[in-house]
Protein chains: 8
Amino acid sequence: MNTFEIEEILKAYAENEISTADAAAKIKNLSYENIGYARVDHARAARQGFPEVIFGQGKTREQTVAIFEKVAQRAPNVLITRTNAEVFGEIRNVQTDAEWHEDAKIIRLFRDKTELGAGEIAVVTAGTSDIPVAEEAALTAETMGNRVNRIWDAGVAGLHRILSEREVLQSARVVVVVAGMEGALPSVVGGLVKVPVIAVPTSIGYGASFGGIAALLGMLNSCSSNVSVVNIDNGFGAGFSASLINRRQES
Amino acid sequence: MNTFEIEEILKAYAENEISTADAAAKIKNLSYENIGYARVDHARAARQGFPEVIFGQGKTREQTVAIFEKVAQRAPNVLITRTNAEVFGEIRNVQTDAEWHEDAKIIRLFRDKTELGAGEIAVVTAGTSDIPVAEEAALTAETMGNRVNRIWDAGVAGLHRILSEREVLQSARVVVVVAGMEGALPSVVGGLVKVPVIAVPTSIGYGASFGGIAALLGMLNSCSSNVSVVNIDNGFGAGFSASLINRRQES
Amino acid sequence: MNTFEIEEILKAYAENEISTADAAAKIKNLSYENIGYARVDHARAARQGFPEVIFGQGKTREQTVAIFEKVAQRAPNVLITRTNAEVFGEIRNVQTDAEWHEDAKIIRLFRDKTELGAGEIAVVTAGTSDIPVAEEAALTAETMGNRVNRIWDAGVAGLHRILSEREVLQSARVVVVVAGMEGALPSVVGGLVKVPVIAVPTSIGYGASFGGIAALLGMLNSCSSNVSVVNIDNGFGAGFSASLINRRQES
Amino acid sequence: MNTFEIEEILKAYAENEISTADAAAKIKNLSYENIGYARVDHARAARQGFPEVIFGQGKTREQTVAIFEKVAQRAPNVLITRTNAEVFGEIRNVQTDAEWHEDAKIIRLFRDKTELGAGEIAVVTAGTSDIPVAEEAALTAETMGNRVNRIWDAGVAGLHRILSEREVLQSARVVVVVAGMEGALPSVVGGLVKVPVIAVPTSIGYGASFGGIAALLGMLNSCSSNVSVVNIDNGFGAGFSASLINRRQES
Amino acid sequence: MNTFEIEEILKAYAENEISTADAAAKIKNLSYENIGYARVDHARAARQGFPEVIFGQGKTREQTVAIFEKVAQRAPNVLITRTNAEVFGEIRNVQTDAEWHEDAKIIRLFRDKTELGAGEIAVVTAGTSDIPVAEEAALTAETMGNRVNRIWDAGVAGLHRILSEREVLQSARVVVVVAGMEGALPSVVGGLVKVPVIAVPTSIGYGASFGGIAALLGMLNSCSSNVSVVNIDNGFGAGFSASLINRRQES
Amino acid sequence: MNTFEIEEILKAYAENEISTADAAAKIKNLSYENIGYARVDHARAARQGFPEVIFGQGKTREQTVAIFEKVAQRAPNVLITRTNAEVFGEIRNVQTDAEWHEDAKIIRLFRDKTELGAGEIAVVTAGTSDIPVAEEAALTAETMGNRVNRIWDAGVAGLHRILSEREVLQSARVVVVVAGMEGALPSVVGGLVKVPVIAVPTSIGYGASFGGIAALLGMLNSCSSNVSVVNIDNGFGAGFSASLINRRQES
Amino acid sequence: MNTFEIEEILKAYAENEISTADAAAKIKNLSYENIGYARVDHARAARQGFPEVIFGQGKTREQTVAIFEKVAQRAPNVLITRTNAEVFGEIRNVQTDAEWHEDAKIIRLFRDKTELGAGEIAVVTAGTSDIPVAEEAALTAETMGNRVNRIWDAGVAGLHRILSEREVLQSARVVVVVAGMEGALPSVVGGLVKVPVIAVPTSIGYGASFGGIAALLGMLNSCSSNVSVVNIDNGFGAGFSASLINRRQES
Amino acid sequence: MNTFEIEEILKAYAENEISTADAAAKIKNLSYENIGYARVDHARAARQGFPEVIFGQGKTREQTVAIFEKVAQRAPNVLITRTNAEVFGEIRNVQTDAEWHEDAKIIRLFRDKTELGAGEIAVVTAGTSDIPVAEEAALTAETMGNRVNRIWDAGVAGLHRILSEREVLQSARVVVVVAGMEGALPSVVGGLVKVPVIAVPTSIGYGASFGGIAALLGMLNSCSSNVSVVNIDNGFGAGFSASLINRRQES
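Because the structure is a prediction, the values reported are computed rather than measured.

Residues and elements named next belong to chain D. Reading across from one edge, β3-β4-β6-β5 is the order of the four strands in this open sheet, with mixed pairing throughout. The sheet is open, and its two borders are formed by β3 (54-55) and β5 (99-101), each paired with just one other strand. Both strand β4 (residues 77-81) and strand β6 (residues 106-110) contribute to a ladder of four bridges, which runs antiparallel. Each bridged residue has a counterpart across the sheet, and for Leu79 the counterpart in β6 is Arg108. Where helix α6 (residues 131-143) meets the sheet, its contacts fall on β4, β5 and β6, and the angle it forms with β6 comes to roughly 15°.

Encoded structure:
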């Protein structure tokens, strides 16, 4: 809801095209559609550069499919995150070009593949078990118009693994680093590159990893100044922020 | 230490200009200078686009001044963060153009004012007490070549305050949001803009704010997808990451 | 057990209608009935304006049904919270006018629909997943004689959703706000109204939401002065307190 | 900023009294005044029924006095909380009828003593050490137009102390209970009355009280359904919410 | 292994009945029997006044039965705590007079019913859900030779319930109080009696009860000086300590 | 307030010696005296076997002295805990036989030295730094009529130190064990004796001792069944409970 | 990747056996093999004295078997930790001399049984439930060429159990102590020996043991100076570190 | 107290050189001297290979000096840790060859400089602020007869700093790594060497470092298998354990 839209309504009102009450109502209703248990947010694309993403967790299969259908009518690209194969079974019935990504637990509708990024996004994991979260980040970034470089299993216990990828890392516009356990990899990567690093702690680990808290604290306390952090296992948020960072400047 | 540098040394070695042992040593010593209690890192500027920043906290006045002098010989712009007026007293003796910023507790040497940013950086605070941390972010960003828009005291208890700044926010390339207490402002700002938001929790608050933990958790759990977070009170890190995000693309 | 009741017994005793020992016993036994594994509290309605509510969690089906029958003999309106459809199956056998509310996991006997409230109670959720907790609050309030306005899915990431409901909010006598994740909505609503706000953190979220702790801390640290908080997912408590706030003053 | 105000501006605009740009600006500027490091919120009284309260903690003496002067010009009653005698020394110079409350660390300007409450507010403490927080609540409530009943030192280790005040408690419209250590008093009081109870945990205690966490958790888990909770030591918030609960219904 | 036993061996050794090496070995082997995966502790009865109690949790059915058989050969009374009906099925085959207590999940062999206590032990619960833990305490105390008074469902939200049991409480030699949620009951009981109170927090509760932490902290911070605390849900420990307190003084 | 007292009043009332209102008032006022900021609890000695103990922390010097004087008029033995030498300076002026115990920070008036205990109380510390807390326990127990055996600096890193005191420990009626750091000593002592052990965690330690939490958790999880725990540094509570355990049975 | 290896490549390059680009590539690729979802680390044996250990948790059966086959081609001894009998079923098909250890959930290929240790390693548990973690340590140590002494069920509640093993403990080169609950055993053992002690907290316990946190904190705060700690339940790490400590000095 | 000593006493007793009571007493008194507030532990050197170390924190100057004098009479090498210059002023008066180490806050008496280690100990810090803790480790190790290699300021944000020291690290028998903030350095070092690594978290850091908890958790969750951890800031414990690891095998 920007100033331009308000001025449009004001002008229509000034020219007596709409009543005072209507003008007030129009301002209210510009931006979303209330469908009872959810308010579908048609203004978000304008505000954030991307259509509605459906967070699958905690929604029933019926709810998820219904919302998907509504959103898919308007948006070329749609993501359902934290979902499962059963939901995909139903989605495929109504939208045959939807894709299922087992690793990331993501359903994707990917119709507009315009490239929007200024450079590349590198996505790195410390271990093999961090790959599902990293794939969530990578798929999100690709769907938002970015080229993505995946570097898996390059944790700090064998430094040569990450050092040998230094040039790939240094050519990226932004790096997403996904790690569990002690969460040390973002600090190491942060010291190797001069671009922003988005760190994603994962709940991988055991004992005193406390479901990702150890990794989260490690990343927040990183001695590399170019590291910022998202929530535990939040690959989607990391891919989203990285995409905005990489967005070409004409926007 | 990039491939190019290694190849240079390899060539010199191949042409018998240097011995085998020397070649190995040169590879090791390319990048920093060991001065006993600290290793001054001459490679960091190349790696991260900015000279050494001196973290003042936990260093004696003598140590801080000594390191400053060493760094100021090579770098046009220098920051000492988390320092105090006494240190500044001594710095001014050796470097008359250094500045003291009381709010942010920063000493700055700002000789190269080339603008490097693609757009503007907005820095927002929820309350008046958050200003010191926000100034640390703003000064860091300015010293790294960015134009900064300051928006102070725009917390969510009086929403009209942040809503009235919407256009300023929406014209920024990246927004830094600094908030204590419940840390709700980044979520609100994140919903208003389509650029990355760096959230900085502050230790402002009382009772169950637990020195910033409440704000930190609030920001990590933000329902806005474009928010990433730095450590409590870490204005410097936020300003640093924001600068890298805003960096013009020729780098 | 109020002064009036004591005085009644004292008078009977003074008139030799009861013995000294009986008088002491009567004072003791005025107020509850000990049925072995539970003390059914007949004085609570007098004390708090509402009959016994049965907390279903952690009770067997047999226990719940037995207590329900006992209570339903005396009280027109009864709630069983945190229960399930199996219990309802048995309840319906003995009480055909009982209702089952799937969302809220509540069984309700609602025979006395006298309106007792001075105004309306608004119940708001940040997201769709918060609805079950909010329904527990709304049903509780309705059963206690209040008109309730439901506003679902109005979280702060899309501010226009809550702003467009401002007038509804501002016409309420008290507002219940239910939110998970960062728990920012009560602060925003608190700033929009001049009535008390009861905030309910929910366990909705992931990663560092820690089962509702992030939302709880956010609400306790709210920068809006009119917010008080109940336990995580405690929709019943919020509806109960809101009902007492809205109670017409003749009581 | 309510609908009425918007319609007023719309009408002026329709009658060409103001330009399109002016109309948009007016909507923005209705509600607060930006004085650099703070936005003084002239709309808050309309929104919440009370003028700006100045939170003294973390502000310099100069800032506090300056804000006080600005606010005192418009509002009859002003509170500065968490302040000290030095600030009062300066305030008294500019406002001779200001009062200093040592216990509560509050400066108060109390010129409009209209009673606004429907009934009385009882404020109870568990121990003597809880009195400062309780006084903050009591003074806030009195300044907002309420009669207050103070009941000090009535903790649960000597139950007869609180039981003997039962009638006073039962005649209140709302009860504020202030307690540290195990925070058990609100549960007990909540069981004695049929009105809302606002519980305030205090940081009084030692060892595993953890600065009020034990009391806070105790209150959140209260087995009495009419208890809601504010932040540790937040007497002001409790007094504020209690005042809104007690507000006479014509508002 | 007391001084008397050592002196006995020393004497045998002095009279050349045993060799030097044997004397040293005897001192070592006095007190337990190593059966591979467990060391059965025959000295414990002498040390603590009660035979080995078998903690069933985390042991297989076979292990539990095997240890039971070994212990039952020497001790008249045996308890298996935290076990289940399947284990009882096997125990009953080998020991027909064993009892199964469903509530407490205890198998008991109770052959020596000599009364050893000086007075009575009262065991109190705040709610119905706390009964299993309380039964563990009560059965332990009975098996150790004590008379036990059970008072169930007397929580502080309805104070009259506990007040009416005052005389029973005041006649006990020691009181065990079992409570979940805010854990306030031990403070109230502690204030009513002049004997030691053993408080047992239970994991009953929800939301911010954190599996019993809220109750545990409440009890540790009790404002009643005669309260000490055992681990969450540790009814056995409470019954054990209470039994030792109540032990008649000839020991 | 026991049944006997109530019956006395009832009889007086029945015989028309007092009015109905007076009878109700008398029941209320039996037990304490309200002196404004504190309710002095004259019934506590009857209830708990000991006069009012004054908790010095968080009270001003004036308040402490005033309460002391009031209490000393009725009670032969008085303790002020957590106080300081300045308070003692004033106390000595009004009560020349008061004693100052520097280690324990206790002021004691000890006029009635009747022995009330059935046996001895052993008080043990793990280290030298735990002595102040242990002295608080020992002085409390002595003042309550017990003989006390002090065993200092017998931590588990040198087991022979505690083993050599086994006989002293085994002859006690109850043992208080005071330990910081890992808090292991109560488990070891608990295994050596067959009487109750009261464990007191202290805030002694550093790093991950977290002000006594490590010791507290260690003690709560003790593998010895006869251990119960009081709050961190709560020597007074341990001495108080131990005294009640040791109390001769005629009470 | 040591200096020697680099010099070898440098010499080959100097003699024109390899090109400049090849020399750079060779340095990079010396040390691991990238097989997509994992980088198999052939350099680790050289670096740490032991081949790749496969952490089974969080890997599919297929992944585990595939990695096992790859590793078993080069390494004589292989461990799969945190695995299960199903995986073993498949492993046995491809490698008939693999062993399954039910207690420790370990699959082991043990072909090279050369003894590498200077002395013996003692592995001690506090209780029977700690044996699985202890077996993980013991098997790891044995597979790495050490003799291991197992001492099970020697917790501190019956001190004579550990005291009787003093000589075995004192003859070890390093001791691994595995304990849950309060984690006191490492302190006691640490005081009995003059060699390093590796403490392993286990998640055994209940209530306030918090899944091993109590034991972990107890061990970190050990009053014995020779104790260091690994993660909760990390038997493998303890066995690994102990093996390196015991490694004969020719390395 | 070893078997040999017991047998000696047994023999003397058998030959009637000592009485039965004396034999028992001798066994008790072999090993320490009770001087009231402390038990000086003369057996510790025999048990652990090093004389009594005096932990200065929490002891008065007088106590520290007195204990030092007692210990210095028997032991050639003495350490007082966590002490200050004032204590050293007094120590120097009685022992002129004592040394003061300002960085580590250690007083050392170092008269026996026999080398006892098999190899060298490397001590590494991540930053300059970690040096005091590292010096405590290094001085402890040197005083226990080891050669120590110090490597300061080699944190992971500039990896080349630690990589260039690889050969020094790889030649050590054991490595102590001291780091604050995210505590990532031990993982990196652990991956570079094949010897045990003792990790020491420091309280250096700010915000969510929580006084060293972040570093502690990072180290406990290290992905390098050869890392074990001591308490926050516990340089002494790390130096002590490292010395025992490095001890030559004839001991």
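All names here are of chain C. Spatially, four strands are ordered β3-β4-β6-β5 in an open sheet, and the strand pairing comes out mixed. A strand with exactly one partner marks an edge of an open sheet, and here the two such strands are β3 (54-55) and β5 (99-101). On top of the sheet, helix α4 (residues 61-72) reaches β3, β4 (77-81) and β6 (106-110); it is set at about 165° to β4, its chief contact.

We now examine the packing of aromatic side chains. If you walk through the whole model with that rule in mind, you get 24 aromatic pairs over all chains. A centroid spacing of 6.0 Å and a plane angle of 20° characterise the contact between B:Phe88 and B:Trp100, whose relative ring orientation is stacked. Of this pair, B:Phe88 sits in helix α5 (residues 85-94) while B:Trp100 sits in strand β5 (residues 99-101), placing them twelve residues apart in sequence. By relative accessible area, which is 22% here, B:Trp100 ends up partly exposed. Directly above the aromatic system of E:Tyr206 lies the positively charged group of C:Arg82, at a separation of 4.1 Å from the ring centroid.

With that settled, consider unusual backbone geometry. Its identity is not glycine, yet B:Lys105 carries a phi of approximately 55°, on the positive side. Structurally, B:Lys105 is set in the loop between β5 and β6 (106-110). Although it is not a glycine, F:Asp153 adopts a positive phi angle of roughly 65°. Within the element layout of this structure, F:Asp153 appears in the loop between β8 (147-151) and α7 (160-163). Among the residues examined, F:Asp153 registers a relative accessible area of 9% and is labelled buried.

Formed by 256 residues in total, the largest nonpolar core has its most connected members in A:Ile162, B:Ile162, C:Ile162, D:Ile162, E:Ile162, F:Ile162 and G:Ile162. Leaving out residues up to four positions away in the same chain, A:Ile162 has contacts with A:Val124, A:Ala154, A:Leu169, A:Leu185, A:Val188, A:Val189 and A:Leu192.

Glancing now at the interface of chain C and chain D. Taken together, the contact pairs 36 residues of chain C with 36 residues of chain D. Taken together, both faces of the contact between chain C and chain D bury some 3100 Å²; the carbon and sulfur share is 48%. For chain C, the biggest contributors to the area lost against chain D are C:Lys194, C:Leu220 and C:Ser225; these three give 19% of the whole. One can count zero salt bridges joining chain C with chain D. The dominant element in the side of chain C that touches chain D, judged by the number of residues it contributes, is helix α11 (residues 235-246) of chain C, at six residues. In terms of residue class, the side of chain C that touches chain D is made up of 17 nonpolar, 13 polar and six charged.

Here the focus is the pattern of salt bridges. Within the structure shown, the criterion is met by 72 salt bridges over all chains. The salt bridge partner of B:Arg147 is B:Glu120, with a shortest N-O separation of 2.9 Å. In this pair, B:Arg147 sits in strand β8 (residues 147-151) while B:Glu120 sits in strand β7 (residues 120-125), placing the two residues 27 residues apart along the sequence. F:Arg150 serves as the salt-bridge partner of F:Glu142, at 2.9 Å between the closest nitrogen and oxygen. The partly exposed category is assigned to F:Arg150, whose relative accessible area is 33%.

A pair of packed helices can be characterised by two numbers: the angle between their axes and the separation between those axes. Residue and element names in this part refer to chain E. Their axes nearest at 7 Å, the elements helix α6 (residues 131-143) and helix α11 (residues 235-246) cross at an angle of 35°. As α6 runs across α11, the sense of the crossing is right-handed. Along its contact with α6, which presents Val133, Glu136, Ala137, Thr140 and Ala141, the element α11 presents Gly235, Phe236, Gly239, Phe240 and Ser243. When grouped by side-chain class, the residues that make up the contact of α6 with α11 number five nonpolar, four polar and one charged.

Two faces belong to every sheet, and in a regular strand the side chains alternate between them. All names here are of chain E. Most of strand β4 (residues 77-81) sits out of view: five of its five residues are buried. The two faces of β4 match: Asn77, Leu79 and Thr81 on one face and Val78 and Ile80 on the other face are all buried. Where strand β3 (residues 54-55) lies against β4, two bridges are found, and the strand directions are parallel. Among the inter-strand pairings, Phe55 is bridged to a residue of β4, identified as Thr81.

The next subject is the layout of surface pockets. If you add up the space inside the largest pocket, you get close to 1800 Å³. Elements with a contribution of two residues or more to the lining of the largest pocket: α10 (213-220) of chain A, α10 (213-220) of chain B, α10 (213-220) of chain C, α10 (213-220) of chain D, α10 (213-220) of chain E, α10 (213-220) of chain F, α10 (213-220) of chain G together with α10 (213-220) of chain H. Partitioned by chemical class, the residues of the lining of the largest pocket number 36 nonpolar, no polar and no charged.

Turn by turn, an α-helix covers 3.6 residues, leaving residues three or four places apart pointing in a common direction. When you tally the buried positions in helix α9 (residues 185-192) of chain G, you get eight out of eight residues, the bulk of the element. Burial in α9(G) covers these residues: G:Leu185, G:Pro186, G:Ser187, G:Val188, G:Val189, G:Gly190, G:Gly191 and G:Leu192.

Residues and elements named next belong to chain A. Residue placement: Lys59 occurs in the loop between β3 (54-55) and α4 (61-72). By relative accessible area, which is 23% here, Lys59 ends up partly exposed. Distance in space between the C-alpha atoms of Lys59 and Thr83 is 9.1 Å, their sequence separation being 24 residues. If we skip the residues at most four places from it in the chain, Lys59 touches Thr64 and Ile67. Side-chain polar atoms of Lys59 contact the backbone oxygen of Phe55, separated by 2.9 Å.

The rules behind the values
Residues numbered from 1 in each chain as written. Chains lettered and ligands numbered in written order. Predicted model: local features only at pLDDT ≥ 70, side-chain atom pairs only at ≥ 80, totals over all residues. Heavy atoms only, no water. Pairing = 2+ DSSP bridges. Helix = DSSP H or I, 4+ residues; strand = E, 2+ residues; numbered from the N terminus. Contact = heavy atoms within 4.5 Å. Axes fitted to C-alpha atoms, helices over the stretch in contact; angles between N-to-C directions. Phe/Tyr/Trp six-rings, centres within 6.5 Å; stacked < 30°, edge-to-face > 60°. Buried < 20%, exposed > 50% of the residue type's maximum accessible area, 1.4 Å probe, protein only. Lys NZ or Arg CZ within 6 Å of the ring centre and 35° of its normal. Core = buried A, V, L, I, M, F, W, Y, C linked by side-chain atoms within 4.5 Å. Buried area = accessible area lost by both parts, 1.4 Å probe. Salt bridge = Lys/Arg side-chain N within 4 Å of Asp/Glu carboxyl O. Nonpolar A, V, L, I, M, F, W, Y, C, P; charged D, E, K, R; others polar. Left-handed = near helix turned anticlockwise from the far one by under 90°. 1 Å grid on protein atoms, 1.4 Å probe; cavity = no way out; pocket = protein on both sides within 12 Å on 5 of 7 lines; lining within 4 Å. Points joined across faces, edges and corners; volume = space filled by probe spheres on them. Polar contact = N/O pair within 3.5 Å; in protein donor to acceptor, adjacent residues only side chain to side chain.

These values are about where atoms sit, not about what they do.
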